[in-house]
Amino acid sequence: MAIKGFVRNMKPLEVLTEEQLEAIHSATLHVLRKTGVRFDSKRALQLFEKNGCWVDYDNNRVRFPEGLVEECLRKAPSRFHVKARNPDNDMVWGGNTTYFQALSGTRTVDLDTWEPRTPTRKEYYEAITVLDGLENVSIIPWYTPWFGFQRIPPVMAMPEGLAGRLRNSSKFTCAGYSMGCEVFNIQMAQAVGAELRTMMAASPPLTFYEETIAAAFRIIKAGFVLLPTSGCVYGGTAPATIAGSLVSGNAEIIAGLVFAQLVRPGTRVIAQDFSFPQNMRTGAPAFGAIEISLHQAAFNQIWHRYGIPTDGGVCYPNSKKIDYQAGYEKAIIATIGSLSGTNTIWIQGAMYGELAFHPVQAVIDDDIAGMLGRFLEGIDVTDETLAVDVIDGVGPIPGHYLNRPHTRKWWKKEQFIPKSADRLTHPEWLKQGKKDCIALAREMYEEIRVSHMVNPPLTENQEQDIERILKEARDYYKKRGLISDTEWEEYKKDIASPGYPYR
Amino acid sequence: MEEEKKVILDNLRKAIFDYNNDLAFQSAKKAVEKGIDPIEAMNVMTGAIREIGDAFGKGELWLPDLVGASDAMQSANPVLEEEMKRKGAHRESLGTVVAGTVFGDIHSIGKTMVTTLLTAAGFHVEDIGVNVKSEEFIEAIKKHDANLLAMSALMTTTMTEQEKVIESLKKAGIREKVKVMVGGAAVNDEFAENIGADGYDPTAPGAVEMAKKLLGKK
């Protein structure tokens, strides 16, 4: 099963007029030139200064000349290939292609009580197996399925998570950075012949911390894909207005992009919109809000103009359960993201913002992805699909089309068939036990969990390399005191447990 | 000869799986020309239809496949039936079913699904079409000496016609002679019971099981 990108065969939705788009672009350049962006890295500051930026070393502030910004936007490729562990799962980013990717959560939930808890290693690995088996998941990114699992020290969550994804999936994956773990992540990816995508996350407003910059230097040097991202919250870490937050967020992303092109011209970047309105009661991001769609649609329109691949379709619901609210929040955001032409929609699995994930939710979301993918592919209009000869052959009643070779040839190409949606007649539904899409998705999850095999599995040598790199990471963090004795005792038991590492 | 017979019967089977009406018709004609037992030829096709029906029941095949296979069989049937009549041969069946969509209703898909699967299961089915009046049902039951009547009605406005047919059967004195099955999107168990039908099932594979049960067949 090769991964599936959906090619949009229609004009993208545009929410900004030409004047509005120009105004946002011009305001962004103004902010970059006048206010500038803070980079907490002497090495980065020197690089910017050498390339014509105005650098204030006392405040780590970089102000960007317009010409440099425009030049770097031109240097970044608008379309590129990325390598997955299995070449059948390689991707081409840019243009009209939209991919769907899984979306992580900090913890799992109990499907009967809806209470959250930390998953086990076995659950973690099995959830990756299910994501690998879902046909519309093209990418299994960082933190996915969960931020970590039981019995491992927090500092090992990212390397262990990446190892889990490489062991149980051959799809394109990503890795984050924290405490220098990107060093180990890069080694693991190289050991299995895959590329990684790693974010370069601004800390809004207008700041990049040292750790982020150090990780970005390493990722760019490794030749991997960089995802400059703004995770601003409008009203909190960006202006409360959508237009203002677009300006502020875009300034951050462009600053990251300029950095990438100065370190290594031609570095492959994808611009990501990871922003939300502020929930003015709880202070949390307002996941599932409709303003996210306005923001993402405008973002996608602006970055299409820049000719940079986009990641503007993050679909977090606010619901704590797999329910109607989760369904409409995800479906609306994913629909608008798709129509506005993003190259990536994050959808499968997440519940309650970034705070929960469940593979059963991923099964249902995979159907939303399939439905939208089908829509994006549009209407095929050819002599054969116009079917004039078939219409003539069938004529009026008693003619019908069910028995026509044309029907058998085309109906499956034309219709998307959901896997977990209830499509029975009312009497059949009663007879089969009144199963809703959640019950059907639970069955499907179980089927994939038991039967899906990663293709190909890691070779013995690759597995040894992964284990060796994990050991180096464990030793490194232990030596630096980032794994406590108590954590280490528990971790050792996990590593020594029967069946480890549950491949 | 044996080799030739094998090729002809294989082609009949292939015609069903390829939904190929021409191949079905031509192979049936060749079977008759070469003196192949028409019952054996018929059994090859019903065997193939049974496999298609099973795959449909499991959700592996779809309505266009079922209808395509049924059409292929319908292309060959008249040729083989004619030969059976000529030879005075009789094919064992689980029972004779008269099937039709009731008066005022021209929907045929549900009926086709049921008749295809009934045929596959080994029933002899006389499909008398759509928009069928009470008297036409009665005439067909008498003519074919049927022991099961299967009526379809898709719409709420035509489902009541099923009750009228049952009343007509009583008036004609043949209600006890046939078991009556009703089906259609608007029908349910309660309605079937209220109008005095003997059986109802919401699915086509379920209707076959119901037919066997009503006629006391396993």
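Conventions adopted
- Residues numbered from 1 in each chain as written.
- Chains lettered and ligands numbered in written order.
- Predicted model: local features only at pLDDT ≥ 70, side-chain atom pairs only at ≥ 80, totals over all residues.
- Heavy atoms only, no water.
- Helix = DSSP H or I, 4+ residues; strand = E, 2+ residues; numbered from the N terminus.
- Rg over C-alpha atoms; globule rule 2.2 N^0.38 Å.
- Buried < 20%, exposed > 50% of the residue type's maximum accessible area, 1.4 Å probe, protein only.
- Contact = heavy atoms within 4.5 Å.
- Areas by Shrake-Rupley, 256 points an atom, 1.4 Å probe, with all protein chains shown as cover.
- Core = buried A, V, L, I, M, F, W, Y, C linked by side-chain atoms within 4.5 Å.
- Buried area = accessible area lost by both parts, 1.4 Å probe.
- Salt bridge = Lys/Arg side-chain N within 4 Å of Asp/Glu carboxyl O.
- Polar contact = N/O pair within 3.5 Å; in protein donor to acceptor, adjacent residues only side chain to side chain.
- Nonpolar A, V, L, I, M, F, W, Y, C, P; charged D, E, K, R; others polar.
- Pairing = 2+ DSSP bridges.
- Axes fitted to C-alpha atoms, helices over the stretch in contact; angles between N-to-C directions.
- Expected span 1.5 Å × (residues − 1).
- Arc of directions from axis to C-beta.
- Parallel < 35°, antiparallel > 145°, perpendicular 65-115°, else oblique.
- Left-handed = near helix turned anticlockwise from the far one by under 90°.
- pLDDT = per-residue confidence, 0-100.
- Phe/Tyr/Trp six-rings, centres within 6.5 Å; stacked < 30°, edge-to-face > 60°.
- Lys NZ or Arg CZ within 6 Å of the ring centre and 35° of its normal.
- Domains from an automatic or database assignment.

(A) Region of interest: the overall build of chain A. Helices and strands together make up the secondary structure of chain A, namely 18 helices and 21 strands. Compactness check: chain A gives a C-alpha radius of gyration of 24 Å against a globular reference of 23 Å for 503 residues, within 12% of the reference. Each of the three principal axes of chain A carries a C-alpha extent, and together these read 85 × 65 × 45 Å. For chain A, with 503 residues in total, the buried portion stands at 55%. Considering only residue pairs separated by 6 or more positions, chain A has 74% of its internal contacts joining residues 24 or more positions apart. Accessible surface computed for chain A: about 21,100 Å², of which carbon and sulfur atoms make up 54%.

(B) Seen up close, the nonpolar core. Counting residues in hydrophobic clusters, the biggest one holds 105 residues, and the most contacted among them are Phe39, Phe48, Phe64, Val258, Phe259, Trp303 and Ile308 of chain A. With 11 residues, the top contributor of residues to this core is helix α8 (residues 242-263) of chain A. Counting 45 residues, the second-largest nonpolar core is a separate cluster that includes Ile16, Ala72, Leu118 and Ala211 of chain B.

(C) Quick peek at the interface of chain A and chain B. With 12 residues of chain A in contact, the opposing surface of chain B contributes 17 residues. Summing the contributions of chain A and of chain B, the shared interface buries around 1,200 Å²; its carbon and sulfur component is 70%. Residues aspartate 201 of chain B and lysine 431 of chain A are paired through a salt bridge, measuring 2.8 Å at the closest nitrogen-oxygen approach. Connecting chain A to chain B are three residue pairs in polar contact (both at pLDDT 80 or more). Secondary-structure elements contributing two or more residues to the side of chain A that touches chain B are α14 (405-414) and α15 (426-431) of chain A. At four residues, the largest contribution of residues to the side of chain A that touches chain B is made by α14 of chain A. Residues that form the side of chain A that touches chain B fall into these classes: five nonpolar, three polar and four charged.

(D) Broad picture of the sheet that holds strand β13 (residues 207-208) of chain A. Residues and elements named next belong to chain A. Pairing is mixed in the open sheet, where four strands are placed in the order β3-β4-β2-β13. The two strands at the open ends of the sheet, each matched to only one other strand, are β3 (54-56) and β13. Sheet topology note: the strand β2 (residues 37-39)/β13 ladder contains two bridges and is parallel. The partner of phenylalanine 39 across the bridge, within β13, is phenylalanine 208. On top of the sheet, α8 reaches β2 and β13; it is set at about 45 degrees to β2, its chief contact.

(E) Summary view of the sheet that holds strand β3 (residues 148-152) of chain B. Residue and element names in this part refer to chain B. The five strands are arranged β2-β1-β3-β4-β5 in an open sheet whose pairing can be described as parallel. Both outer strands of the open sheet, β2 (124-127) and β5 (199-200), are each paired with one neighbouring strand and no more. As paired strands, strand β1 (residues 96-101) and β3 are joined by five bridges and run parallel to one another. Paired with threonine 101 across the bridge in β3 is serine 152.

(F) A look at helix α10 (residues 324-339) of chain A. Residues and elements named next belong to chain A. The end-to-end C-alpha distance of α10 is 22 Å, a good match for the 22 Å that 16 residues give at a rise of 1.5 Å each. Those residues of α10 lying buried are Ala326, Glu329, Lys330, Ile333, Ala334, Gly337 and Ser338. Projected down its long axis, α10 shows its buried positions confined to an angular sector of 145 degrees, all on one face. Among the residues of α10, the N-terminal cap falls to aspartate 323, whose side-chain oxygen and the backbone nitrogen of glutamine 325 are separated by 3.2 Å.

(G) A look at the packing of helix α1 (residues 18-34) of chain A against helix α3 (residues 66-75) of chain A. All names here are of chain A. Here α1 crosses α3 at 120 degrees, and the two axes come no closer than 10 Å. Judged by the inter-axis angle, α1 sits oblique to α3. Relative to α3, α1 is oriented so that their crossing is right-handed. Where α1 abuts α3, its residues His25, Leu29, Leu32 and Arg33 lie against Glu66, Val69 and Glu70. Taken together, the residues of the contact of α1 with α3 sort by class into three nonpolar, one polar and three charged.

(H) Summary view of the confidence of the model for chain B. Residues and elements named next belong to chain B. Confidence along chain B averages 92 in pLDDT terms, with 100% of residues attaining 70 or more. When mean pLDDT is taken per element in chain B, helix α2 (residues 21-33) scores highest with 97 and helix α5 (residues 109-121) scores lowest with 89. Reported confidence for the predicted complex is 0.80 by ipTM and 0.91 by pTM.

(I) Representation of the packing of aromatic side chains. Residues and elements named next belong to chain A. Following the criterion strictly, the structure yields 27 aromatic pairs over all chains and no others. For the ring pair tryptophan 93 and phenylalanine 172, a centre distance of 6.0 Å and an interplane angle of 70 degrees mean the geometry is edge-to-face. Of this pair, tryptophan 93 sits in strand β6 (residues 91-94) while phenylalanine 172 sits in strand β11 (residues 172-174); the two residues are 79 residues apart in sequence, bridging distant segments of the chain. Judged by relative accessible area, which is 0%, phenylalanine 172 ranks as buried. Aromatic rings pair up to connect Phe39, Phe48, Phe64, Phe208, Phe217 and Phe259 into one cluster. Sitting over the face of the ring of tyrosine 352, lysine 320 holds its NZ or CZ atom 4.2 Å from the ring centroid.

(J) Fine view of the domain arrangement of chain B. All names here are of chain B. Taken as a whole, chain B is organised into domain 1 (2-87) and domain 2 (96-214). Computed from C-alpha atoms alone, the centre-to-centre distance between domain 1 and domain 2 is 25 Å. Opposite the 12 residues of domain 1 that make contact, domain 2 presents 10 residues. Together, the buried faces of domain 1 and domain 2 total about 850 Å²; carbon and sulfur atoms form 81% of this surface. At the boundary of domain 1 with domain 2, the tally comes to zero salt bridges. Across the domain 1-domain 2 interface, the total number found is two residue pairs in polar contact (both at pLDDT 80 or more). When contributions to the side of domain 1 that touches domain 2 are tallied by element, the ones reaching two or more residues are α3 (38-57) and α4 (63-87). For the side of domain 1 that touches domain 2, the per-class residue count stands at six nonpolar, four polar and two charged.

(K) Spatial organisation of the pattern of salt bridges. Residues and elements named next belong to chain B. Under the definition given, this model contains 44 salt bridges over all chains. A salt bridge links lysine 14 to aspartate 18, with the nearest nitrogen and oxygen atoms 2.6 Å apart. For aspartate 18, a relative accessible area of 39% translates into the label partly exposed. A salt bridge links glutamate 161 to lysine 164; its shortest N-O distance comes to 3.6 Å. You can see glutamate 161 and its partner lysine 164 sitting in helix α7 (residues 156-171), three residues apart, about one turn around the helix. For glutamate 161, a relative accessible area of 11% corresponds to the buried category.

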